[in-house]
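Examining the three-dimensional arrangement
Now for the letters of each chain:
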Amino acid sequence: MVQQGVQTQARMLCVALCLLLGAAAAGMLKVDMTSDGNGGGGDTISHSLTLVQRLEALLLQGNGSDLSLRVETPSADEVKVIQAHSLVLSLQSPVFEEILLSRNSSKLVLKESSDCAAVFDKFIRYLYCGEISLRLDQATPLHKLATKYQVTGLQQGITQYMTQNLARESTSGHVAGWYEYAVQAGDVTLRDSCIQFMAWNLSSVLQSGEWVTISSQLLMSLLQRSDLILQSEMELFAGLEAWIIQNDPDGLTAENALRAVRYAMMPPRELFRLQTQSAILARYQESVRDLLYMSYQFHSASPMQMAKYFDVNCSLFMPRNYLSPVWGSPWIINNPSRDDRSTSFQTQLGPSGHDSSKRVTWNALFSPRWLPLSMRPMYTDSGAMQPTRVDGGRPRIIITPATSSAEFAGVNFQKTVIVMAQQQGKVVVKHVYNFHQSTEENGDFLAEADLYRRTSEYLIDSSLFLHIVVKPLYQSLITSKK
C-alpha cells in the first residue's frame, strides 16, 4: 500500500510539473529572428528564467512534495528537514535516482557531516535552479556533496570556482585546506592548481597564518620543488623553522624536511649565523652535518674543481627561483603592445662563494610582435619582396650576456621569466617560463595574452609586470681517477 501511495504521489508530481511548464508561458518572450538558411524562420521562444523561478518557489513552498529529506549529522545533534520532489532529484542525481527507486517510504534519512549538513539546502536548491551562491568556506562541503551524489556539473563548477579564487583573502587561509581536500577527493585539477599557486607565491604563503598548519606531506612536496618563487633560501629556512616549532613533528619528519633545504644556496656568513643562532638546526645538526660540510666546500673551492669530485647537478647545488637582486631583476614594461623594449641588469656569476664577487651583465630584449622565420616575408632573387606575408606575430624575450667570458666554462645559465598578474586585488604569479636564451624555445610565451586591452588580466595599470631570474647551473665533469 505504501508503494502504491508513493507511485500515486509521483504521478501527481508529474502532472504538477507539466502544469508548471505550461504556466511558464506567462513569462517573458525571447525571439531569435535568425534565418535557417532556407528562407524559414529560426525563432526561439524561451521562458527558462520564469521556469527556474517557479521551480524555486516549488521548493520553498513545498507544493506537490512527495519526499521529505531528513538530513542528520553523525551525532544526530543537528537535523534539517527539506520537502522535496523525487522527480527533480532523480533527474539531477544518479545517486538519488537509485536511492529513490528502492525506497518504501516518503521519508528519506541522509547522514551528512556537520559542514555538509550546513549547506545541504544550497545543494538542493542547485538541483532545482541550476545556480548557487557560495563563500570560500562553503566550497569544500558543497564539492563533497556534488561528488557524493554525482552532480557532475556542480562538481566541475566548484572546482573552477576554487581554482579561480586561490588568491582571494581569507581570515585563516584556504589554499592548503583545499589542497588537502583535493588529494583526499582525487581531484587532480584542483590539487595541482593549489600546489602550483603555493609554490609560485611562496613568500606570501610563508607570511600567512595558514603556513604553520599545512601537513607534513604538503610541506615535503613544496620543499622538494625547484620552481619555488621566494626571496632566498634563508626565507625558506625561516619558514621551515617556524613550522617545526609550531608542529613539533617526529624526529624523522623534521630531519627529512631539514635535509630538503639547499644550504649551498646560502652565503657562508648566513650558514655561520644559522649554526650559532638557530635552535632547530642545533637540535638536528647531526642529521644535516654532511650537507653543511658539502656547502662549505662548495663555497670555498672552485666550481670546476668541485665538479671533478662531486655531482654538482644534485638539488643541493641547484638554485630555486630567487627574487633577490643578485639573481635577477624586475622589469615593468609600460604599454607592452607598442615597440620593442630593452633593459640590462647584472647577476652573480654563480651561487658559489668562489664566484660571489664576479658579475655578469645581461641584455634583455622584449618584442611584442616578433615573427618566426617561417612567417617572415620572403624575397625573390631580384631582391623584391614577395607580395604575400603573414601579419601578426607574438611576444618574445631574448636574454644574452653583454660579453662572452672564459669564466662561463662549466656553467649553464637557465633563464626564467615570471609573469605577474592582479587577481582579487592581489599581485600574484600567473605564468613561469624557462628557457636558455629566447622564449621562442617555449613556443607558448604569452600566447594567450591580450596586451592591447587596458583591462587585460595580464596587465597591471596597463603595464606588463615581469621578473627575470638567471639560474646558474654548474655542470659535472668526468671524475678523475685516483
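Residues numbered from 1 in each chain as written. Predicted model: local features only at pLDDT ≥ 70, side-chain atom pairs only at ≥ 80, totals over all residues. Heavy atoms only, no water.

With an unreviewed UniProt entry as reference, the protein is termed BTB domain-containing protein, source organism Champsocephalus esox.

**A closer look at the pairing of strand S10 (residues 411–423)**
Quick reminder of the rule: Two strands qualify as a pair provided that DSSP identifies no fewer than 2 bridges between them. What counts as a helix is a DSSP run of H or I of at least four residues, what counts as a strand is a run of E of at least two, and both are numbered from the N terminus.
Pairing between S10 and strand S12 (residues 463–474): nine bridges, direction antiparallel. Opposite Phe413, over in S12, you have Pro472 as the bridge partner. Taking the residues that link successive antiparallel strands as the turn, the S10-strand S11 (residues 426–435) hairpin has two residues, and the phi of Gln424 there is positive, at about 55°.

**Concerning the packing of aromatic side chains**
What counts, and what does not: Two aromatic rings, drawn from Phe, Tyr or Trp (for Trp, its six-membered ring), form a pair once their centres lie within 6.5 Å of each other, and the interplanar angle then sorts them: stacked below 30 degrees, edge-to-face above 60, tilted otherwise. Residue burial is assigned from relative accessible area. The probe radius is 1.4 Å, only protein chains are included, and a residue is buried under 20% of its type maximum, exposed over 50%, and partly exposed in between. Any Lys NZ or Arg CZ found within 6 Å of a ring centre and within 35 degrees of that ring's normal is scored as a charge over the ring.
Taken as a whole, this structure holds 11 aromatic pairs when the rule is applied. On the numbers, 5.0 Å between centres and 75° between planes, the contact of Trp362 with Phe413 is edge-to-face. With Trp362 in strand S8 (residues 359–370) and Phe413 in strand S10, the pair connects residues that are 51 residues apart, well separated along the chain. Taking the relative accessible area as the measure of exposure, Trp362 reaches 1% and is therefore buried. Through a chain of ring-to-ring contacts, the aromatic side chains of Phe96, Phe120, Phe123 and Tyr149 assemble into a single cluster. Across from the ring centre of Tyr458, 5.1 Å away, lies the NZ or CZ of Lys430, which sits over that ring.

**Thoughts on the sheet that holds strand S6 (residues 328–334)**
Here is the rule we go by: Axis definition: a line fit to C-alpha positions, over the contact stretch in the case of helices; interaxial angles, taken between N-to-C directions, run 0 to 180 degrees.
Spatially, four strands are ordered S6-S12-S10-S11 in an open sheet, and the strand pairing comes out antiparallel. Lying at the two open borders of the sheet, with one neighbouring strand each, are S6 and S11. For this sheet, the mean inter-axis angle between neighbouring strands, taken without regard to orientation, is 25°.

**As for the environment of Phe413**
Short version of the rule: Contact definition: two residues touch when any of their heavy atoms are within 4.5 Å.
Overall, Phe413 belongs to the buried group, its relative accessible area being 6%. For the pair Phe413 and Leu473, spaced 60 residues apart in the sequence, the C-alpha separation amounts to 6.1 Å. Leave out the neighbours within four places in its chain, and Phe413 touches Leu349, Trp362, Phe408, His436, Val470, Lys471 and Pro472.

**Points about the packing of helix H14 (residues 251–259) against helix H17 (residues 285–300)**
For the record, the criterion: Oblique is the label for every angle not falling under 35 degrees (roughly parallel), over 145 degrees (roughly antiparallel), or within 65 to 115 degrees (roughly perpendicular). For a crossing to be left-handed, the near helix must be turned anticlockwise from the far one by less than a right angle; the clockwise case is right-handed. All amino acids are sorted into three groups, where Ala, Val, Leu, Ile, Met, Phe, Trp, Tyr, Cys and Pro are nonpolar, Asp, Glu, Lys and Arg are charged, and the leftover types, Gly among them, are polar.
Running from N to C, H14 and H17 point in directions that differ by 15°, and their axes come no closer than 9 Å. In this view, H14 runs roughly parallel relative to H17, as classed from their interaxial angle. When the axes of H14 and H17 are compared, the crossing they make is right-handed. Judged by residue contacts, Glu255, Leu258 and Arg259 of H14 engage Ser287, Val288, Asp290 and Leu291 from H17. A class-by-class count of the residues in the contact of H14 with H17 yields three nonpolar, one polar and three charged.

**Section: the nonpolar core**
Looking at soluble globular proteins, one finds that nonpolar side chains tend to be buried together. To keep it simple, the criterion reads: Put simply, a nonpolar core is a bunch of buried Ala, Val, Leu, Ile, Met, Phe, Trp, Tyr and Cys residues held in one set by side-chain atoms that sit within 4.5 Å of each other.
Ranked by size, the top nonpolar core spans 126 residues in total, and within it Leu69, Phe96, Phe120, Phe123 and Tyr263 carry the most contacts. Aside from chain neighbours lying at most four places away, what touches Phe96 is Leu89, Ser90, Leu108, Leu110, Phe120, Phe123, Ile124, Leu127 and Tyr149.

**Overview of the pattern of salt bridges**
Our working definition: Each salt bridge in this description consists of a side-chain nitrogen of Lys or Arg and a carboxyl oxygen of Asp or Glu lying within 4 Å of one another.
Under the defined criterion, the tally for this structure stands at 18 salt bridges. Of the charged contacts in the structure, one is a salt bridge between Glu169 and Lys426, with a shortest N-O distance of 3.9 Å. Residue Glu169 is located in the loop between helix H8 (152–164) and helix H9 (175–185), and its partner Lys426 is located in strand S11; the two are separated by 257 residues in the primary sequence. Residue Lys426 is classed as partly exposed on the basis of its relative accessible area of 24%. A salt bridge links Arg259 to Asp290, with the nearest nitrogen and oxygen atoms 2.9 Å apart. Linking Arg259 in helix H14 with Asp290 in helix H17, this pair joins segments that are 31 residues apart in sequence. For Arg259, a relative accessible area of 37% corresponds to the partly exposed category. Via salt bridges that share partners, Arg70, Glu72 and Lys111 belong to a single interconnected network.

**Notes on the sheet that holds strand S1 (residues 67–72)**
Read across the open sheet, the three strands follow the order S2-S1-S3; overall the sheet is mixed. Edge positions in the open sheet fall to strand S2 (79–84) and strand S3 (107–111), since each of these has one partner strand only. Sheet twist, expressed as the average angle between the axes of neighbouring strands with direction ignored, equals 20°. Two strands pair when backbone bridges link them, and S1 and S3 are joined in this way by five bridges, in the parallel orientation. Considered in S3, the bridge of Ser68 is made with Lys107.

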